[in-house]
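Below are the chains, spelled out letter by letter.
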Amino acid sequence: MRASLIQIAVNEDESVNSRRERVSSLVRDQAGSADLVVLPELWTTGAFAYELFAAEAEPLEGPTFDAMSKAAADAGVWLHAGSIPERDPDGPLYNTALVFAPDGTLAAAYRKIHRFGFDKGEAVLMSPGDELVTVRLPETVLGVTTCYDLRFPELYRGLVDRGAETLLVSAGWPERRRAHWTLLARARAVENQAYVLACGSAGTHAGVEQAGHSIVVDPWGEILAEAGAGEEVLRVELDPAKVGATREQFPALKDRLLGLDTPRRP
Ligand SMILES: O=C(O)CCC(=O)C(=O)O
């Protein structure tokens, strides 16, 4: 299974419309060389441009949905299209990731559960999702997560309990905590004996320098590929059978003694 992580720069000097067109064309460029394409979190606004969340919020089936659905179909790939600030018809905003099938239909939408910012920013502007999302591909089962989620191992264990073998992280992770990004991506892979594909963004948005360094880790915790700091398409070949083989050869998941209740918010 071939995957491309498109680490785009989210900078203020580019309009949302032109970035949307640029991203669509980057996705189309993956035709024939990728089965799965992954984009960063909130690439229309930037993950830290809090004042743009409401201004650029879209209904689920808004302009980014349309552009990404078409790009997935044009390229014939599974597309994790990163996330958008989604305006629910009832009013609240969510940080919502979209996954499209190769025919352009929506395979899943995941509303980010763990919002970043403590008592400000996303944590107060967005509402939390409450559903774990997996997507079955012919080759593997994806577990869908977003950025700050990476710090919460129980979410990933919950996804694994629902069959996930390839854990996707779409992020806008800051450079100043890059060491945590790499460490946590490897930890989630090792403890869950799963692939981790973590796609971050580049550039500087709302004064926050992005870490880039998108990373792909195999079920044994080895780094298969890692991007630099700038814009880059990180291409990698995965062997989906390696998840089952690792779980069989070193069956630590079977030795779990404590049942973890996956937290659910009201
Ligand atoms: O956990 C972190 O250090 C960064 C999280 C973050 O930037 C986000 O979720 O948007």
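- Where an unreviewed UniProt entry is consulted, the protein appears under the name Carbon-nitrogen family hydrolase, with the organism given as Streptomyces xanthii.
- Regarding the protein, the UniProt comment filed under Sequence similarities (unreviewed entry) reads as follows: "Belongs to the carbon-nitrogen hydrolase superfamily. NIT1/NIT2 family."

1. Overview of the environment of A179
Here is step 1 of the chain: Mapped onto the fold, A179 is located in helix α6 (residues 178-192).
Here is step 2 of the chain: According to the C-beta neighbour criterion, A179 is exposed, with 9 such atoms within 10 Å.
Here is step 3 of the chain: The spatial distance from the C-alpha of A179 to the C-alpha of V144 is 22 Å, given a sequence separation of 35 residues.

2. Considerations on the sheet that holds strand β12 (residues 215-217)
Here is step 1 of the chain: Here we have 6 strands laid out as an open sheet, ordered β6-β7-β8-β9-β12-β13, and mixed in their pairing. The open sheet has two edge strands, β6 (134-136) and β13 (223-226), and neither has a second partner. In this sheet, neighbouring strand axes are inclined to one another by 15° on average, regardless of whether the strands run parallel or antiparallel.
Here is step 2 of the chain: With 5 bridges joining them, strand β8 (residues 166-170) and strand β9 (residues 195-199) adopt parallel strand pairing. The residue bridging V169 from the neighbouring strand is A198, located in β9.

3. Structural notes on the UniProt feature "domain: CN hydrolase" (unreviewed entry) in the protein
Here is step 1 of the chain: Mapped onto this structure's residue numbering, the UniProt feature "domain: CN hydrolase" (unreviewed entry) falls at residues 1-240.
Here is step 2 of the chain: Counted over residues 1-240, helix gives 25% and strand 29%. Its end C-alpha atoms are 7 Å apart.

4. With respect to the packing of helix α1 (residues 16-28) against helix α3 (residues 63-75)
Here is step 1 of the chain: Look at α1 against α3: their axes get within 8 Å of each other, and the N-to-C directions meet at 20°. With respect to their mutual orientation, α1 and α3 come out roughly parallel. Along this stretch, α1 crosses α3, giving a crossing that reads as right-handed. Where α1 approaches α3, its residues R20, S24, V27 and R28 are matched on the opposing element by P63, T64, A67, A71, A72, D74 and A75.
Here is step 2 of the chain: The class makeup of the residues in the contact of α1 with α3 is 6 nonpolar, 2 polar and 3 charged.

Conventions and cut-offs
- Per chain, residue numbering runs from 1 following the sequence as it is written.
- Totals for whole chains, interfaces and linings use every residue, but because this is a predicted model, local features are given only for residues with pLDDT of at least 70 and side-chain atom pairs only at 80 or more, for both listing and counting.
- UniProt positions are given in the numbering used here, feature names are shortened, and annotations may be inferred rather than shown by experiment.
- Numbering goes from the N terminus for both helices and strands, where a helix is a DSSP run of H or I of at least four residues and a strand is a run of E of at least two.
- Using C-beta atoms placed from the backbone, we call a residue buried if 20 or more other C-beta atoms fall within 10 Å of its own, exposed if 12 or fewer do, and partly exposed for counts in between.
- For two strands to pair, DSSP has to find at least two bridges joining them.
- Here an angle of 0 to 180 degrees is reported between the N-to-C directions of two axes, which are lines fitted to C-alpha atoms, with helices fitted over the stretch in contact.
- Angle categories: roughly parallel below 35 degrees, roughly antiparallel above 145, roughly perpendicular from 65 to 115, and oblique for all the rest.
- By definition, turning the near helix anticlockwise from the far helix through less than a right angle yields a left-handed crossing, and turning it clockwise yields a right-handed one.
- Remark: residues whose backbone-derived C-beta atoms lie within 7 Å of one another are considered to be in contact.
- Just so you know the grouping, Ala, Val, Leu, Ile, Met, Phe, Trp, Tyr, Cys and Pro go in nonpolar, Asp, Glu, Lys and Arg go in charged, and all remaining residues, Gly too, go in polar.

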